[in-house]
Amino acid sequence: MLIGPDSVEFPGFSPALDEHLESAAGLLSLLSVRIDAGFLSKAPGLRVVSNMAVGVDNIDLEACGRRGIPVGHTPDVVTDATAELCIGLMFAIARRITETAAAARGGKWKAWSPAGWLGSDIRGATLGVVGLGKIGQAVASRAAGLGMKVVYTSRTRKMDAETSLGAAFLPFDELLRTSDFICLTVALTPETHRLVDARALRLMKPTAYLVNVARGSVVDTAALSHALRDGIIAGAALDVTDPEPLPDTNELFSFPNCVITPHIGTATYQTRKRMAEMACENLIAGLEGRRLPYCANEDYLKSFS
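What counts, and at which threshold
- Residues numbered from 1 in each chain as written.
- Predicted model: local features only at pLDDT ≥ 70, side-chain atom pairs only at ≥ 80, totals over all residues.
- Heavy atoms only, no water.
- Helix = DSSP H or I, 4+ residues; strand = E, 2+ residues; numbered from the N terminus.
- Buried < 20%, exposed > 50% of the residue type's maximum accessible area, 1.4 Å probe, protein only.
- Contact = heavy atoms within 4.5 Å.
- Areas by Shrake-Rupley, 256 points an atom, 1.4 Å probe, with all protein chains shown as cover.
- Lys, Arg positive; Asp, Glu negative; His and termini not counted.
- Charge placed at Lys NZ, Arg CZ, Asp CG, Glu CD.
- Disulfide = S-S within 2.5 Å.
- Pairing = 2+ DSSP bridges.
- Axes fitted to C-alpha atoms, helices over the stretch in contact; angles between N-to-C directions.
- Phe/Tyr/Trp six-rings, centres within 6.5 Å; stacked < 30°, edge-to-face > 60°.
- Core = buried A, V, L, I, M, F, W, Y, C linked by side-chain atoms within 4.5 Å.
- Right-handed = clockwise from strand over helix to strand, strands pointing away.

**With respect to the overall build of the chain**
In step 1: Scanning the chain from terminus to terminus reveals 12 helices and 10 strands.
In step 2: Projected onto the principal axes, the alpha-carbon positions of the chain cover approximately 65 × 45 × 35 Å.
In step 3: Within the chain, buried positions represent 46% of all 305 residues.
In step 4: The long-range fraction of contacts in the chain, counting pairs at least 24 apart against all pairs at least 6 apart in sequence, stands at 59%.
In step 5: Total accessible area on the chain stands at roughly 15500 Å², and carbon and sulfur atoms take up 54% of it.
In step 6: On the chain, the mean spot of the 30 positive side-chain charges and the mean spot of the 33 negative ones are 5 Å from each other.

This is the structure in structure tokens:
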């Protein structure tokens, strides 16, 4: 059984999924499926959960561990594709690519003008990376190659990355104040939920751009709408939103300086193929009683064993 986001709406249980849970031994899940204690209570025979994503914020790892259910995910393989999209979104918003392409298609391109459709330079700008994990480092590496100055904030200093990337550590508020582009690559945790709120947006330069390839709820959607409406920041590019998918009536779609893509960070043929392979490897291992090649909740499994 294959359940995809194009055919089933979540959160909550879909009838197609719910009717099979009681007899399910393994589950291959997507980010759109919330797996918590209530979900698990409907699947008494479940032995493994395999999430086709690197993030597992849709899964209660502790609840799975308490049941002795290993949770698989697909780390590392998503790094390059997501980093490349992040750079693409930076160009799209800074050079107004989607806005001007729509204008050309709509018949608004009448003549070349010296002051027409002006955007912002990438080279020489300061990129602030929030969360210097693998994806954050991949973004920083590409940005450095484009001639950007890279600063970052993270729970811990990344001394090796500072040396190899020439990146400078800054406290979060200082990063907000000094960056021309702010890229969110941080994991979603209780501490990072709505990390970018009205206060954070007010600290940004009025000429700065926000790029989010992390999770939608790292950003306060209402606060971002307000910031774009009132010119508090120059623009935003979002591959993830809160809620997700974002209703087409949401105000963010009305702003020409807001680029929104439908969570396509990993959407390359090569990356999605490898993600599917890894998810299947995890699923088969769990069903056969073997250790998962890519397990996200080993600590919980050990603590409850």
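**As for the state of the cysteines**
In step 1: Throughout the structure, instances matching the rule amount to 0 disulfides.
In step 2: Here Cys295 is not cross-linked by a disulfide; its sulfur's nearest cysteine counterpart is in Cys64, at 9.9 Å.
In step 3: Since its relative accessible area comes to 18%, Cys295 is described here as buried.

**Digging into the sheet that holds strand E3 (residues 71-72)**
In step 1: Ordered in space as E1-E2-E3, the 3 strands form an open sheet in which the pairing is parallel. Two strands in the sheet have a free side with no partner beyond their single neighbour: strand E1 (26-29) and E3.
In step 2: Pairing of E1 with strand E2 (residues 48-51) involves 4 bridges; the strand directions are parallel. If you follow Ser29 over to E2, its bridge partner there is Asn51.
In step 3: Packing of helix H11 (residues 269-287) onto the sheet brings it into contact with E1, E2 and E3, and relative to E2 it is tilted by some 175°.

**Focus: unusual backbone geometry**
In step 1: That bond from Asp242 to Pro243 is cis: its omega, 5°, falls within 30 degrees of zero.
In step 2: Assignment of secondary structure puts Pro243 in the loop between strand E9 (235-238) and strand E10 (258-260).
In step 3: Positive phi outside glycine occurs at Trp117, with the angle close to 55°.
In step 4: Position of Trp117 relative to the elements: it lies in the loop between helix H5 (97-105) and strand E4 (126-130).
In step 5: Taking the relative accessible area as the measure of exposure, Trp117 reaches 42% and is therefore partly exposed.

**A short note on the environment of Asp239**
In step 1: Along the polypeptide, Asp239 turns up in the loop between E9 and E10.
In step 2: For the pair Asp239 and Val213, spaced 26 residues apart in sequence, the C-alpha to C-alpha distance is 5.4 Å.
In step 3: Setting aside its immediate chain neighbours within four residues, Asp239 contacts Leu85, Leu89, Asn212, Val213, Thr261, Pro262, His263, Ile264 and Gly265.

**Observations concerning the packing of aromatic side chains**
Two numbers describe a pair of aromatic rings. These are the distance of the centres and the angle of the planes.
In step 1: Within this structure, the stated rule accounts for 2 aromatic pairs.
In step 2: When the centroid spacing of 5.4 Å and the interplanar angle of 75° are considered together, the rings of Tyr152 and Phe169 count as edge-to-face. Here Phe169 lies in strand E6 (residues 168-169) and Tyr152 lies in strand E5 (residues 149-153), a separation of 17 residues in the sequence.
In step 3: On the basis of relative accessibility, which here comes to 0%, the residue Tyr152 falls in the buried class.
In step 4: Since its relative accessible area comes to 28%, Phe169 is described here as partly exposed.
In step 5: Measuring from ring centre to ring centre gives 5.2 Å for Phe181 and Tyr209, while their planes differ by 20°; the resulting arrangement is stacked. On the criterion of sequence distance, the pair formed by Phe181 in strand E7 (residues 181-184) and Tyr209 in strand E8 (residues 209-212) is long-range, its members being 28 residues apart.

**Things to note about the nonpolar core**
In step 1: By size, the foremost hydrophobic cluster in this structure holds 33 residues, and its most contacted members are Leu89, Met90, Leu127, Val129, Val139, Met148 and Phe181.
In step 2: Elements with a minimum of two residues in this core: helix H4 (79-94), E4, helix H6 (134-145), E5, helix H7 (159-165), E7 and E8.
In step 3: Beyond its immediate chain neighbours, meaning those up to four positions away, Val129 contacts Gly136, Ala140, Val150, Val151, Tyr152, Thr153, Leu175, Cys183 and Thr185.
In step 4: If you look at the next biggest cluster of nonpolar residues, it comprises 30 residues, including Val196, Met204, Ala208 and Phe255.

**Some words on the environment of Ala227**
In step 1: Its place among the elements puts Ala227 in helix H10 (residues 221-229).
In step 2: When its relative accessible area of 1% is taken as the criterion, Ala227 is described as buried.
In step 3: Put simply, Ala227 and Gly119 are 108 residues apart on the chain and 19 Å apart in space, counted from C-alpha to C-alpha.

**Regarding the pairing of E9**
In step 1: On E9, burial covers both faces: Gly235 and Ala237 on one face and Ala236 and Leu238 on the other are all buried.
In step 2: Pairing of E8 with E9, which is carried by 4 bridges, proceeds in the parallel orientation. By the bridge assignment for E9, Asn212 is matched with Leu238.
In step 3: In this fold, E8 hands off to H10, which returns the chain to E9; that crossover is right-handed.
In step 4: Of the pairings in the sheet, the one linking E9 to E10 comprises 3 bridges and is parallel in character. Its bridge partner being in E10, Ala236 is matched across the sheet by Cys258.

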